[in-house]
Structure formats: C-alpha cells, structure tokens
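Commentary on secondary and tertiary structure
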Amino acid sequence: YLPPTITDTSLRLSELRALMVSQNISVYVIPATDPHLTEYIAPRDARRAWITGFTGSAGTAVVSSTKSALWTDSRYWVQAERQMDCNWELNRGETTIVNWIMTETKEGETIGADPFVFSIVEWENYEKPLLQGKRQFVAKENNLVDIIWAAERPPAPTDDIFKIPDEFLGRTWQMKVKEIRTKMEENIYQPTAVLISGLDETAWLFNLRGNDIPYNPFFQSYTLLTADFIRLFVNESRLPADIKANLNTGCNTSECVQLKAYKDIRKNLQEYAKGNVKIWIGQEYTTHGVYGVIPESKLLIERYSPVQVTKSIKDSTEQKGLKAAHVRDAVAVIRYLVWLEKEVPTGRETELSGAHYLNNLRSEQMFSKGPSFETISASGLNAALAHYSPNNETNRKLSPEEMYLVDSGGQYLDGTTDITRTLHWGTPTTFQKEAYTRVLMGHIDLARSIFPAGTIGDVLDVWARHALWEAGLNYNHGTGHGIGNFLGIHEWPVGIGSGHTSRLHVGMFTSIEPGYYEDNEFGIRIEDIAMVVKAETKHTFGGVPYLTFEHVSLVPYDRKLIDVSIMNKQQIDWLNNYYEKVRKTMSPELQAQRLTEEYNWLQKHTEPFSHSVLVTYSLINLTGVLLGNLLLQGRLL
C-alpha cells in the first residue's frame, strides 16, 4: 500500500532502465530544468517530478542499472521523504552526484543526459570529472524520460500568444531591438548576433506574453538578432494575425521579424555559424544543447545577455506600471490582513484556505492575471521552512497562538508583485518579538542605505544582517532579487546577497527580504519591493551619483511584533515616514474601492511610533562592519 501522496515509480524506472540498456547507458541524469533554464517550468517539462514523484522545484535525479537517487537541498528533504517511494534514496549531502556515479560505474562506462536541460557550466561540471575518472558523459538529444512518458505527457501549448496593451508600454519592440543592436555595436568584441534563449527575454523584447508556464506569462521561443535580420523561433500557429502584422512578418528587411519553427534553432545556428560571425550568448539561460553547435571561436559568452541587462532597468512607463500594480496589490493584501484578524480566532481557517482567499482577493483587482507564484502560507513550524507551500498533507489550522508567514504576489498587466508579512494574533514570546524586530531593523537599514552608483548587490547584504548578527542570529537565503513587469517574479541580474555581482543602477527594482527561521517553531520574513533611485547627498565624491531605495510595497507591518526599545531613532523615523506614505497612498485607493472597514484598519495600523522608550545603539559599529565587509571582499569602488 502506498499513501496517496506517493507515486509508484517501479514501472517507470523499469522502462527507463530498459531504454538505457538499449542505448548502452549505465547511468542517466535527470535535472529539474527545461530547455530555457527557467525557474518555473511547464508541466510537460517536469521530467524529474514524473520519474521520482517528488514535486519540489529543486533537485536532480540519477538512475543506474540497480539504484535510483535524488539530490535536493535541505528545504525539500521532508517533502521528498513524503513523496518518494522505496525505489528512491534521498541523498542529504553524503556524497556528490559525480562521486555517486563513480561508485556505481566502472571505467569506460557511459553516463547519459539531455544536453537541452543542462546549463553550459553544469554540463562541464559533470563532463570534466567523469572524463578524468575514465567515464564518458554523452549527450542524448532525445530525452529518455520523454520517450517513456509519451502516452501521458502533457501536450505542448497551442493557445494564442498575446500582446501587452499599448498603455502599459514605454517602448515598441522596434525601439528595444534598436537598443540591443546599439549594445552590439558598442561591445569591443564586435558580436554580429545575439542569441536570446531566456523566455522572459523574448517576451520582453517583443512585448508579447503567453501562458506556457504556471505563474509566468512566457511562451516557448528563441530569438536570433543580428544587424541584418530578426528571427523568432516559435510555434507560428500560436501567433494571431494582428501580432504577425505588428511584427512585420511579411517583409525581409532588418526591421521585420522572420518566423522560424521552434525546433529549428540548432539547424539555423549551425548554418549561421558557418559565416564570419560572432554570437553573443548569456550563460545563465543558454543550454549546452544550443551552445554545443556553435564553434568556440565564434562565441562571445557573458553571464547575462544584453537583453537581460537592458530589461533590468525599467523605463518611466514600466516604473509607473510597477508602482500602480503595487497599490492595487496592497489593497488585496490589506483586505486579507483584516479578514485574518476576524477569522483566525474562529478556528475555521487553514494555510490552504487562507492562500485561496488571498488569491481570490487579488483576482478582483484591475488588470489581474493571477498569482505570480504559489503562495507561501505557513503557520507555526511550517514557516521555519523558508520556501514551504501548503498541501493537503501538511496543511495546518491558523491559530492565534502561532506566528503566521504569508509570502505572495500577483501578476498584473502593468507589473508583477511580491510581498511577505509575518503576523501574530495572540501574545508573541519575548524572543519572537526580538527576532521580528531585528529582521525589521535589518530591512530598514538596507532600505535607507546610501551607496555609490554601480555598487555590487552582494556588498549591501551586510546592512540587512547586522542587527541579527548582533544577537547571534542569521538566515540562509538571499536578501533581494529583481522583479519583472508582468514577467518573472525573480528577475536577474538584479539582486542583493551572496553571488549577486551585477551593479545597481537607477530604475532597477529589487526585493528587500531579510528573515529568521527557528527550526520546528516559527519563521519570520519581511519582504517589500523597492526601486533604486538617486539619493540626495551633501557631496558627490568623484562626480559619482549616490543611490538609495524607494519602497514600492505599501502594507503595514505587524505592530504587535515590533519592539521599538531596541530600535534607533533613524530606524523609527524611517518606519514612521513609511507609514505616512502608506496612509497617504492607500487611503484614497481604499476609499475609491469603498472599503470602509479596511480604510479604518489602515488608519489604526499606520499610527506613528513613539521614541519615548528608545534605547539608541551605535551606527558607528554598523559602519565599521560594512567597511570591513567591503575590504574583505575587495569590493570598494
């Protein structure tokens, strides 16, 4: 007997192993990615989930002739144990995938994988050590899981791709193409083409959207852009006549879009690469399968493509849209907080019912296109799992005796939102209040920080952590990520935290989301979206402008969890100024939507905090830590 949460994978593994034998493969590697290395994937690309039964977003499955194992990070260990049957072993870091393969194989044996679901770097991370161990890592372009999954595999999307309404656009696709071509001309390596593999990149470039991937308005595509032509590789039958007309598909000039079959990308690249050309690719979204057909001498490889970088700096229309979307989104979140205060004490609501109710509230707002990711609705010990999402087996009742964390967002025609609030409806413990307040202090310290233009994102991370560090606390996730305009909830290269080496510029949007997680007890995260803006400084050393953040999210924090006695004056002043902004911006919107109860709630929850119990702690310490961090990382500009 298998519980309803577990899938019997015996037959699937038997069929896969038979196929492996027929192709002389000793081990087959199955990552949880798609041909564009997107963060979220379409149901038909969920190969790792189908073969294992484990549905977490991260992880790699490896199958040998006698064993099958899964590697995933600690966020998903409990979920993997609950979902996988006895055919699978969960590796918790006891060994690496490569070392496991070396143990399970002999010299001269072959390990296979689909090159279209591996990044360039990830492929090399397998290929090189396996070759050193006298094993072969070979590309199998026909995915073996697809072959045995064929009868049940979800079909490719056939619904229409659609255009963003003009009112939400500051630039036509022709203007964007011109910008990218200018970047090609300015690049010292003189690329003749840009290969655009990221689904969000093509969607942004042509002002088009689709429904191929849950929560993400993308469509399957590639783009090859040169000075002479624009080729869009897509299922042409999904493009209505008005979109074809908009793309000028009926001509052959450099301002027209040539439509090519999605499956023909490799053939076209091979043909184009025969000439005197250099193709600019972004490493983050280009798979080994595409990269492998271009001679190395004809490649210009950078971490991010010029489209990704250009897209990260929002124009004035995009900025306006994101801000407007966050106002409407705040209405939905405020309505949810008011509802929770009334309903949680009744004992009727759960993590799942809360998530569904919040999604419905968002759907009532103008221009809503659904949630931007699966809502994290987590009560008590479930909130200690930073990326937990409720299901029927883990669903907890919401209780006044537990902390509750809700991380959610919406897709709107003019912007994408992401916000986290942590709440307590009863009496929090002294430690819970201290931990929450220190998370808030870090949030505020980062929000009010001032830094030179071009500062690298990971340098700023210390501001968000210092108040926690002072108490010996920390968190194990990044502090910030970029966000799109009706695109992805996580948009690179913008970010704050370890590994974010791109520079911050005016017009970028990032989350600010420090947290703290007490295992098996509670979790805290405070997340807002902020825009990078120019700071008003007395001086401008070296003529370099200085930058800071402007908050775009507009929802009050939980007053019951804030201990102002450990906050300094600057933090309280920032908090009061933020509440004044929330009140001034949201009050008219709530009144316009005739939400009187929510309007009254907002007035109460944005009252200014008093300094009367203030105990100041020194910012000199913080400055010292920041400078020390800069020196250690060699990041001083």
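Residues numbered from 1 in each chain as written. Predicted model: local features only at pLDDT ≥ 70, side-chain atom pairs only at ≥ 80, totals over all residues. Heavy atoms only, no water.

Let's talk about the pairing of strand E6 (residues 136–139)
Basically, it comes down to this: Criterion used throughout: strands pair if DSSP finds at least two bridges between them. Only runs of H or I of at least four residues qualify as helices and only runs of E of at least two qualify as strands under DSSP, and these elements are numbered from the N terminus. For crossovers, right-handed means that the path from the first strand over the helix to the second runs clockwise, given strands pointing away from the viewer.
Bridging between strand E5 (residues 110–113) and E6 involves four bridges; their strand directions are parallel. For isoleucine 111, the partnering residue across the bridge sits in E6 and is phenylalanine 137. Running through helix H5 (residues 120–132), the crossover from E5 to the neighbouring parallel element E6 is right-handed.

Digging into the packing of helix H4 (residues 97–104) against H5
Here is the rule: A fitted line through C-alpha atoms serves as each axis, taken over the contacting stretch for helices, and the angle formed by two N-to-C directions is quoted from 0 to 180°. In these notes the angle categories are as follows: under 35 degrees is roughly parallel, over 145 is roughly antiparallel, 65 to 115 is roughly perpendicular, and the rest is oblique. In a left-handed crossing the near helix is turned counterclockwise from the far helix by less than a right angle, and in a right-handed crossing that turn is clockwise. Two residues form a contact once any of their heavy atoms are found within 4.5 Å. Throughout this entry, Asp, Glu, Lys and Arg are counted as charged residues, while Ala, Val, Leu, Ile, Met, Phe, Trp, Tyr, Cys and Pro are counted as nonpolar. The remaining residues, Gly among them, count as polar.
Relative orientation of the contacting elements H4 and H5 amounts to 40 degrees, with a least axis distance of 10 Å. Judged by the inter-axis angle, H4 sits oblique to H5. Along this stretch, H4 crosses H5, giving a crossing that reads as right-handed. Residues Ile97, Val98, Ile101 and Met102 of H4 touch H5, and the partners they reach there are Asn125, Tyr126, Pro129 and Leu130. By residue class, the composition of the contact of H4 with H5 is seven nonpolar, one polar and no charged.

A look at the packing of aromatic side chains
Filter applied, for reference: In this analysis, rings of Phe, Tyr and Trp, with Trp reduced to its six-membered ring, are considered paired at centre separations within 6.5 Å, and the interplanar angle assigns stacked below 30 degrees, edge-to-face beyond 60, and tilted for intermediate values. Burial status follows relative accessibility: with a 1.4 Å probe on protein chains alone, a residue under 20% of its type maximum counts as buried, one over 50% as exposed, and anything between as partly exposed.
Here the structure, examined in full by the defined rule, presents 26 aromatic pairs. With a centroid separation of 4.3 Å and an interplanar angle of 45 degrees, the aromatic rings of tryptophan 123 and phenylalanine 137 are classed as tilted. Separated by 14 residues along the polypeptide, tryptophan 123 in helix H5 and phenylalanine 137 in strand E6 bring together distant segments of the chain. Comparing tryptophan 123 with phenylalanine 137 shows no difference in burial state: the two are buried. Centroid distance phenylalanine 162 to phenylalanine 486: 6.3 Å. Interplanar angle 35 degrees. Geometry classified as tilted.

Brief notes about helix H18 (residues 596–605)
Along H18, the residues that are buried comprise Glu598, Trp601, Leu602, Gln603 and His605. Contacts from the buried residues of H18 go to helix H13 (316–343) and helix H17 (569–592).

Let's talk about the packing of helix H15 (residues 430–447) against helix H16 (residues 461–469)
Direction vectors running N to C along H15 and H16 enclose 150 degrees, while the axes themselves pass 7 Å from each other. Considering the angle they form, H15 stands roughly antiparallel to H16. Regarding H15 and H16, the two cross each other, and that crossing is right-handed. For the pair H15 and H16, the contacting residues are Ala435, Arg438, Val439, Met441, Gly442, Asp445 and Leu446 in the first and Trp463, Ala464, Ala467 and Leu468 in the second. In terms of residue class, the contact of H15 with H16 is made up of eight nonpolar, one polar and two charged.

Brief notes about the sheet that holds strand E4 (residues 89–91)
Spatial strand order, E4-E3-E2-E1-E5-E6: six strands in an open sheet with mixed pairing. Unpaired on one side and paired on the other, E4 and E6 mark the two borders of the sheet. On average, each strand axis in the sheet is inclined to that of its neighbour by 25 degrees, with strand direction left out of account. By the bridge criterion, three bridges tie strand E3 (residues 68–71) to E4 in an arrangement that is parallel. Counted as the bridge partner of alanine 69 is glutamate 89 from E4. Seen against the sheet, helix H1 (residues 10–22) touches strand E1 (27–31), strand E2 (60–64) and E3 and runs at an angle of roughly 65 degrees to E2. Relative to E6, H5 is tilted by about 145 degrees, and along the sheet it contacts E1, E2, E5 and E6.

Some thoughts on the UniProt feature "domain: Creatinase N-terminal" (unreviewed entry) in the protein
Under the convention used in this document: UniProt positions are given in the numbering used here, feature names are shortened, and annotations may be inferred rather than shown by experiment.
Mapped onto the present numbering, the UniProt feature "domain: Creatinase N-terminal" (unreviewed entry) falls at residues 12–130. Within the segment residues 12–130, helix and strand shares are 36% and 18% respectively, and the terminal C-alpha atoms sit 26 Å apart.

Description of unusual backbone geometry
Of the consecutive residues tryptophan 492 and proline 493, the connecting peptide bond is found in the cis state with omega at 10 degrees. With respect to the helices and strands, proline 493 occurs in strand E23 (residues 491–496). The backbone of asparagine 207 sits at a positive phi, close to 55 degrees, despite the residue not being glycine. Residue position: asparagine 207 is located in the loop between helix H8 (199–206) and strand E9 (208–209). Notably, asparagine 520 is not glycine yet its phi reads approximately 65 degrees, a positive angle.

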